Amino acid sequence: RKEVEQDPGPFNVPEGATVAFNCTYSNSASQSFFWYRQDCRKEPKLLMSVYSSGNEDGRFTAQLNRASQYISLLIRDSKLSDSATYLCVVNIYNQGGKLIFGQGTELSVKP
Amino acid sequence: GAGVSQSPSNKVTEKGKDVELRCDPISGHTALYWYRQSLGQGLEFLIYFQGNSAPDKSGLPSDRFSAERTGGSVSTLTIQRTQQEDSAVYLCASSFTGGPGELFFGEGSRLTVL
């Protein structure tokens, strides 16, 4: 079983739609969580950290459910520019600074 | 430049040859990471440095892979006797603290083994 699992998609949605991605992690010692965004043929970039209480950044909302070991990302009012691959990232408590990436979920927003 | 710099950006080599990939992190960043991304796949962790030491080498696929970091700055990833399955984009990232903070990635080195 992979340490971090995501639905690879692709998710094809119209502009203005709300879309949600889930990510599950297998190690209960995971302590820090992030969402990264990767545009086609580009390097990944941090989208947002995920806090225990949930957090929002504009149209983006991240949630963490430690009991069920999953993380979610909600995008409201999708824009064409949101088209990218969204990577779920986990840091495990006893593995120092090592960050483990999921395989990513591809989003395509259509006009 | 201010970002993470990687070289070469593209490398085509013949099976069995050795290759060296270089990463120059953001100045002042203590942590440095190497990942590998095959076509259509996620990022595969290879190795992580805190300063010049590598507390976690668990991701190196085989003993043909090695990495070093000198002066707490530049890192080199070496692949000996390359195989076709080594073909991928090799991404380097650096982080200010090495704790689970934001990673800043370079644009990657695309390796093609013929």
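Remember, it's a predicted structure, so these values are computed and weren't measured experimentally.

Visitor: Break down the overall build of chain B for me, with residues and values.
Guide: Secondary structure summary: chain B contains zero helices and 11 strands in total. Going residue by residue from the N terminus, the α and β elements of chain B occur as β-β-β-β-β-β-β-β-β-β-β. Here chain B has a C-alpha radius of gyration of 13 Å; the compact-globule value for 114 residues is 13 Å, and the two agree. In terms of overall dimensions, chain B has C-alpha extents of about 40 × 25 × 25 Å along its principal axes. Counting over 114 residues, chain B shows a buried share of 46%. Taking as baseline every contact in chain B between residues at least 6 positions apart, the subset at least 24 positions apart corresponds to 54%. On chain B, roughly 5,400 Å² of surface is accessible, and the fraction owed to carbon and sulfur atoms is 46%.

Visitor: Give a detailed account of the side chain of B:Ser109, specifying residues and quantitative values.
Guide: Residue and element names in this part refer to chain B. Relative to the elements of secondary structure, Ser 109 occurs in strand E11 (residues 109-113). Given the relative accessible area of 1%, Ser 109 is considered buried. For Ser 109, the side chain forms a polar contact with the main-chain oxygen of Pro 8, separated by 2.6 Å. Not counting residues within four places of it along the chain, the set of residues in contact with Ser 109 comprises Gln 6, Ser 7, Pro 8, Ser 9, Leu 21, Ala 88, Val 89 and Tyr 90.

Visitor: Describe the interface of chain B and chain A, naming the residues involved and giving the relevant values.
Guide: If you look at the interface, chain B gives 20 residues, while chain A gives 19 residues. Carbon and sulfur atoms supply 57% of the area buried between chain B and chain A, which totals about 1,500 Å² over both sides. The interface formed by chain B and chain A includes one salt bridge. The residue A:Lys98 makes a salt bridge to B:Asp56 at a minimum N-O spacing of 3.8 Å. Counting across the interface, chain B meets chain A through four residue pairs in polar contact (both at pLDDT 80 or more). Tallied by class, the residues present in the side of chain B that touches chain A amount to nine nonpolar, seven polar and four charged.

Visitor: Let's hear about the state of the cysteines: which residues, and what values?
Guide: Counting across every chain of the model gives two disulfides over all chains. The disulfide that involves A:Cys23 links it to A:Cys88, with 2.0 Å between the sulfurs. Its torsion about the S-S bond being -75°, the disulfide of A:Cys23 and A:Cys88 is classed as left-handed. One end of the pair, A:Cys23, is in strand E3 (residues 19-25); the other, A:Cys88, is in strand E9 (residues 84-92), with 65 residues separating them in the sequence. For the pair A:Cys23 and A:Cys88, a shared accessibility class is recorded, and that class is buried. There is a disulfide in this structure between B:Cys23 and B:Cys92, and the S-S distance comes to 1.9 Å. On the S-S bond that ties B:Cys23 to B:Cys92, the torsion sits near -65°, and the link is left-handed. Taken together, the residues span a long stretch of sequence, with B:Cys23 in strand E3 (residues 19-24) and B:Cys92 in strand E9 (residues 88-95) at a distance of 69 residues.

Visitor: An account of the sheet that holds strand E8 (residues 75-79) of chain B is requested, with residue identities and associated values reported.
Guide: Within a beta sheet, neighbouring strands are joined by backbone hydrogen bonds and run either parallel or antiparallel to one another. All names here are of chain B. In spatial order, the strands read E1-E3-E8-E7; together these four strands make up an open sheet with antiparallel pairing. Unpaired on one side and paired on the other, strand E1 (5-7) and strand E7 (65-69) mark the two borders of the sheet. Strand-to-strand twist across the sheet, computed as the mean angle between neighbouring axes with direction ignored, equals 15°. Where E7 meets E8, five bridges bridge the pair, whose relative direction is antiparallel. Bridge assignment links Phe 65 to a residue of E8, and that residue is Ile 79.

Visitor: Explain the packing of aromatic side chains to me, using residue names and the numbers behind them.
Guide: Under the defined criterion, the tally for this structure stands at 11 aromatic pairs over all chains. Consider the rings of B:Tyr33 and B:Tyr48, whose centres lie 5.0 Å apart with planes at 25°: the pair is stacked. A residue pair is termed long-range when its members are at least 10 positions apart, and B:Tyr33 in strand E4 (residues 31-37) and B:Tyr48 in strand E5 (residues 43-50) qualify at 15 residues. Put simply, the rings of A:Tyr36, A:Phe101, B:Tyr33, B:Tyr35, B:Phe45, B:Tyr48 and B:Phe105 pair up and form one aromatic cluster.

Visitor: Residue-level account of the side chain of A:Thr105, with values.
Guide: All names here are of chain A. The residue Thr 105 is located in strand E11 (residues 105-110) in this model. Here the side chain of Thr 105 touches Gln 6 through a polar contact of 3.3 Å, side chain to side chain. Separated by 2.5 Å, the side chain of Thr 105 and the backbone oxygen of Asp 7 make a polar contact. Once residues lying within four places of it in the same chain are set aside, the contact partners of Thr 105 are Gln 6, Asp 7, Pro 8, Phe 11, Phe 21, Ala 84, Thr 85 and Tyr 86.

About the cut-offs
Residues numbered from 1 in each chain as written. Chains lettered and ligands numbered in written order. Predicted model: local features only at pLDDT ≥ 70, side-chain atom pairs only at ≥ 80, totals over all residues. Heavy atoms only, no water. Helix = DSSP H or I, 4+ residues; strand = E, 2+ residues; numbered from the N terminus. Rg over C-alpha atoms; globule rule 2.2 N^0.38 Å. Buried < 20%, exposed > 50% of the residue type's maximum accessible area, 1.4 Å probe, protein only. Contact = heavy atoms within 4.5 Å. Areas by Shrake-Rupley, 256 points an atom, 1.4 Å probe, with all protein chains shown as cover. Polar contact = N/O pair within 3.5 Å; in protein donor to acceptor, adjacent residues only side chain to side chain. Buried area = accessible area lost by both parts, 1.4 Å probe. Salt bridge = Lys/Arg side-chain N within 4 Å of Asp/Glu carboxyl O. Nonpolar A, V, L, I, M, F, W, Y, C, P; charged D, E, K, R; others polar. Disulfide = S-S within 2.5 Å. Pairing = 2+ DSSP bridges. Axes fitted to C-alpha atoms, helices over the stretch in contact; angles between N-to-C directions. Phe/Tyr/Trp six-rings, centres within 6.5 Å; stacked < 30°, edge-to-face > 60°.

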